2 protein chains.
Amino acid sequence: MAKQNTVFKDAYNRCLKLLADTSSLPSEPELGQVLGVSRTTVRAILSRFEELQLIAWDKRKKNVLRQPRPDDYFPTEETDSLAEIIERSFMRRILAGGAEPGMQINELELAREIGTGTTSVREFLIRFSRFGLIEKRPNSHWILKGFTREFALELTEVREMFELRSAARFVALPDDHPAWAELTQIEALHRGILADIDNRYREFSELDEKFHLLVHKASSNRFIVDFYDVIAIVFHYHYQWNKTNARERNARALEEHLAYIEALRSHDPARAEQACRRHLQSARETLLQSIP
Amino acid sequence: MAKQNTVFKDAYNRCLKLLADTSSLPSEPELGQVLGVSRTTVRAILSRFEELQLIAWDKRKKNVLRQPRPDDYFPTEETDSLAEIIERSFMRRILAGGAEPGMQINELELAREIGTGTTSVREFLIRFSRFGLIEKRPNSHWILKGFTREFALELTEVREMFELRSAARFVALPDDHPAWAELTQIEALHRGILADIDNRYREFSELDEKFHLLVHKASSNRFIVDFYDVIAIVFHYHYQWNKTNARERNARALEEHLAYIEALRSHDPARAEQACRRHLQSARETLLQSIP
DNA sequence: TTTCTGTCTTTTATCTACAATAGACAGATT
DNA sequence: AATCTGTCTATTGTAGATAAAAGACAGAAA
């Protein structure tokens, strides 16, 4: 295969859902807009709909003939991009499987194991190297630096500098800045989860990322915002990996977030700093506890 | 060509210089060590030396037969790695040639222009993207964000946070830490250049990088040290590009460095912070002046 | 015993090829 | 006049192939 058609499959699945709600589909450019793909892909989707007798397609008319059935969808495994597959495989290997610092990483072996070409693995490793967990020896292998205590300390040190600065900027945002509305929305989500914490505590991870990203964005600094990717990926896999006391940890973090949100709302830099520090400190402790 | 043999050519040239100074060459592993290449490459070099009647090679004996002539060397253009060539080409394009922010970057076109395969260009762009000057639209082109005023401000904001913190760590280093010896050496280089500033002011750029890297390393934080790459590349090309008042600018920066070095030596955090701030402020102004 | 060389295998860096996807343009439709 | 469709071209993402470089191992030399 030269290129996976995951863009097509994923857009196709999403388009099937749209189809369930109407009697006829909009124009090709509009569909492309909604699905975030080019017209070429839209037309491929429409052709397939026609083949499967889902629609009658004649130029501008795209009338829905029947409701989609579960087996009209592509399996979700087939809609993940290669990059996502490689990332998951790789993270599982280095977090779960004995990931000794100093271990060598072999592109060819990794590619064989994942069942993909070397090019994609190589590009993934280059992109991934900015997370500071691996390092390249030119003309030779990569070295795993490992998810160690030092790594976590270095990461949190920078995180704290950046987030404190971002929080300081946040309190100074004008009242009509859209970030305030988003903050309100995020606060509501917090209260929703807290109200039913026993069943919904797993939703915290995603919300955590959303909240901190919003704060970092207030910095208006691309380096600070980009660095949040590093934090997000580490915490993302960390949550998947370390589930001890997840309910209590998450409940506490939600409370801290609420205090932090209120402090931001106060427009008082000193209060915001204090709430931010308190939360970051406990986030750091949680992360460190999970490292042997 | 599958792979350039620039490693061979570069090591070969360096080995020729070694050869000029002795009557016989050391063992293969030792040569590999000295040149930083594998035995395979060492043996390729020795084979060529033998072919060109530069040495008589019989197992452990590698006796020098004649002195190398200038035409024994490979031309220096052939010893640059592809990555270096691509980087230079690219930087020239985006700094010199009308680099409008928002411009599209096309992998194929870039590859054709540089005369290389798309893979190498692609990998370069991925590596380069961490500098925050370009951004990828998946399944589509890259976008040049441009060397704009905002870029410079965002860059210097983070630089100042990181360097202030690093300087604070530096003053607290124990007296037997090797950084102090390096600092002494760097200080001597500063005085050397200042003493003959009219002829040697061009050497400042390299020294500047060395000095600030030393300071950043005191942070013991990989993210802070890695970020210095971004600063270094920007200032490196900036110096090549903007030569107005170079002599005065550099003389002033050298004096600021000396004050900064003395402040670090004092072990007084407040003095160090003040000297650091003063220098960073003027570095920022210089950078901003060069942006339209 | 230790270090070196000869030989062989494995891996990386790079090119080329090709399907998937994006995107451009002219003529058709509203 | 504005938007849409049909058709065509160009670019990206990925696999596969191959020379260069790294590296492993056994036997030779010190």
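What you are looking at is a predicted structure, and each value in this text was computed from that prediction instead of being measured.

The rules behind the values
- Residues numbered from 1 in each chain as written.
- Chains lettered and ligands numbered in written order.
- Predicted model: local features only at pLDDT ≥ 70, side-chain atom pairs only at ≥ 80, totals over all residues.
- Heavy atoms only, no water.
- Helix = DSSP H or I, 4+ residues; strand = E, 2+ residues; numbered from the N terminus.
- Contact = heavy atoms within 4.5 Å.
- Areas by Shrake-Rupley, 256 points an atom, 1.4 Å probe, with all protein chains shown as cover.
- Least-squares fit on C-alpha atoms with pLDDT ≥ 70 in both.
- Salt bridge = Lys/Arg side-chain N within 4 Å of Asp/Glu carboxyl O.
- Buried < 20%, exposed > 50% of the residue type's maximum accessible area, 1.4 Å probe, protein only.
- Buried area = accessible area lost by both parts, 1.4 Å probe.
- Polar contact = N/O pair within 3.5 Å; in protein donor to acceptor, adjacent residues only side chain to side chain.
- Nonpolar A, V, L, I, M, F, W, Y, C, P; charged D, E, K, R; others polar.
- Pairing = 2+ DSSP bridges.
- Near = heavy atom within 4 Å.
- Phe/Tyr/Trp six-rings, centres within 6.5 Å; stacked < 30°, edge-to-face > 60°.
- Lys NZ or Arg CZ within 6 Å of the ring centre and 35° of its normal.
- Domains from an automatic or database assignment.
- Axes fitted to C-alpha atoms, helices over the stretch in contact; angles between N-to-C directions.
- Parallel < 35°, antiparallel > 145°, perpendicular 65-115°, else oblique.
- Left-handed = near helix turned anticlockwise from the far one by under 90°.

Caption draft 1: Summary view of the overall build of chain A. Scanning chain A from N- to C-terminus turns up 13 helices and 5 strands. Considering only intrachain contacts with a sequence separation of at least 6, the fraction spanning at least 24 residues in chain A is 65%. Here chain A displays about 15500 Å² of accessible surface, and carbon together with sulfur accounts for 49% of that area.

Caption draft 2: Layout of the relation of the copies chain B and chain A. Expressed as a screw transformation, the operator carrying chain B onto chain A has a rotation angle of 180° and an axial translation of 0.0 Å, and the superposed copies differ by an RMSD of 0.3 Å. When the rotation and shift are considered jointly, the pair of chain copies conforms to a two-fold rotation axis. A shared binding surface is used by both copies, with 100% of the interface residues of chain B retained as interface residues in chain A.

Caption draft 3: Summary view of the pattern of salt bridges. Scanning all chains against the criterion turns up 52 salt bridges over all chains. Where Arg271(A) meets Glu262(A), a salt bridge forms, and the shortest distance between an N and an O atom there is 3.7 Å. Assessed through its relative accessible area of 36%, Arg271(A) is described here as partly exposed. As a salt-bridge pair, Arg247(B) and Asp198(B) come within 2.7 Å of each other at their nearest N and O atoms. Of this pair, Arg247(B) sits in helix α12 (residues 246–265) while Asp198(B) sits in helix α9 (residues 197–200); the two residues are 49 residues apart in sequence, bridging distant segments of the chain. Residue class for Arg247(B) comes out partly exposed when judged on its relative accessible area of 29%. On the accessibility criterion, Asp198(B) (52% relative accessible area) is exposed.

Caption draft 4: A look at the side chain of His216(B). Residue and element names in this part refer to chain B. Within the secondary structure, His216 sits in helix α10 (residues 204–217). With relative accessibility at 0%, the residue His216 sits in the buried group. If we skip the residues at most four places from it in the chain, His216 touches Phe162, Glu163, Ser166, Ile224, Val225, Tyr228 and Ile231.

Caption draft 5: Spatial organisation of the interface of chain B and chain A. Between chain B and chain A, the contact holds 30 residues from the first and 30 residues from the second. A combined buried area of about 2700 Å² lies between chain B and chain A, and 55% of that area is made up of carbon and sulfur atoms. When the buried surface of chain B facing chain A is broken down by residue, Met161(B), Arg222(B) and Phe223(B) rank first, second and third, together holding 27% of it. Applying the counting criterion to the chain B and chain A interface returns 8 salt bridges. In this structure, the salt-bridge partner of Arg122(A) is Glu123(B), at a minimum N-O distance of 2.8 Å. Where chain B meets chain A, there are 14 residue pairs in polar contact (both at pLDDT 80 or more). Looking at the side of chain B that touches chain A residue by residue, the class counts come to 12 nonpolar, 6 polar and 12 charged.

Caption draft 6: Layout of the pairing of strand β1 (residues 55–58) of chain B. Residue and element names in this part refer to chain B. Taking every second residue as pointing to the same face, the buried face of β1 carries Ile55 and Trp57, while none of Ala56 and Asp58 on the other face is buried. Relative to strand β2 (residues 61–64), β1 is paired through 4 bridges, and the arrangement is antiparallel. Looking at β2, one finds that Ile55 is bridged to Val64. Counted along the chain from β1 to the antiparallel partner β2, the turn is 2 residues long, and its residue Lys59 has a positive phi close to 55°.

Caption draft 7: Focus on the sheet that holds strand β5 (residues 142–144) of chain A. Residue and element names in this part refer to chain A. Strand order in the open sheet formed by 3 strands is β3-β5-β4, with antiparallel pairing between adjacent strands. The sheet terminates laterally at β3 (104–105) and β4 (134–136), the two strands that pair on one side only. Direction of pairing for β3 relative to β5: antiparallel, over a ladder of 2 bridges. Note that in β5 the partner of Ile105 across the bridge is Trp142.

Caption draft 8: Structural detail: the protein's contact with DNA strand D. Taken together, 42 residues are adjacent to DNA strand D, and Arg39(A), Lys62(A), Gly117(A), Thr40(B) and Arg122(B) come closest. For DNA strand D, the backbone makes up 67% of the atoms found within 4 Å of the protein, where backbone means sugar plus phosphate. Take Thr116(A): an N or O atom from its side chain is 2.9 Å from a phosphate oxygen of DNA strand D. In the environment of DNA strand D, a phosphate oxygen lies 3.1 Å from a nitrogen or oxygen atom belonging to the side chain of Asn106(B). Of all elements in the fold, only α2 (28–35), α3 (39–51) and α6 (118–128) of chain A together with α1 (6–20), α3 (39–51) and α5 (107–114) of chain B reach the threshold of two or more residues within the surface near DNA strand D. Within the surface near DNA strand D, the residues separate by chemical class into 9 nonpolar, 18 polar and 15 charged.

Caption draft 9: Expanded view of the packing of aromatic side chains. This model, assessed by the stated rule, comprises 29 aromatic pairs over all chains. Judged by centre distance (5.6 Å) and plane angle (50°), the rings of Phe147(B) and Phe151(B) are tilted. Residue class for Phe147(B) comes out buried when judged on its relative accessible area of 18%. By the ring-pair criterion, three or more aromatic residues cluster together here, those being Phe147(A), Phe151(A), Phe162(A), Phe223(A), Phe227(A), Phe147(B), Phe151(B), Phe162(B), Phe223(B) and Phe227(B). Above the face of the Tyr12(A) ring, Arg48(A) is positioned so that its terminal group lies 5.7 Å from the ring centre.

Caption draft 10: Quick look at the domain arrangement of chain A. Residues and elements named next belong to chain A. Examined at the domain level, chain A breaks down into domain 1 (6–77), domain 2 (82–144) and domain 3 (149–289). Taking only C-alpha atoms into account, the centre of domain 2 sits 29 Å from that of domain 3. The interface is formed by 9 residues belonging to domain 2 together with 7 residues belonging to domain 3. Interface area for domain 2 against domain 3, summed over the two sides, is near 810 Å², with a carbon-plus-sulfur share of 72%.

Caption draft 11: Structural detail: the sheet that holds strand β3 (residues 104–105) of chain B. The strand order across the open sheet formed by 3 strands is β3-β5-β4 (chain B), and the pairing between neighbours is antiparallel. Edge positions in the open sheet fall to β3 and β4 (134–136) of chain B, since each of these has one partner strand only.

Caption draft 12: The packing of helix α1 (residues 6–20) of chain A against α3(A), seen in detail. Residues and elements named next belong to chain A. As a packed pair, α1 and α3 sit with axes 10 Å apart at the nearest point and diverge in direction by 60°. In terms of their interaxial angle, α1 and α3 are classed as oblique. Considering how the two elements wind past one another, α1 and α3 form a crossing that is right-handed. In this structure, α1 uses Phe8, Ala11, Tyr12, Cys15, Leu16 and Leu19 to contact α3, whose residues at the interface are Thr41, Ala44, Ile45, Arg48 and Phe49.

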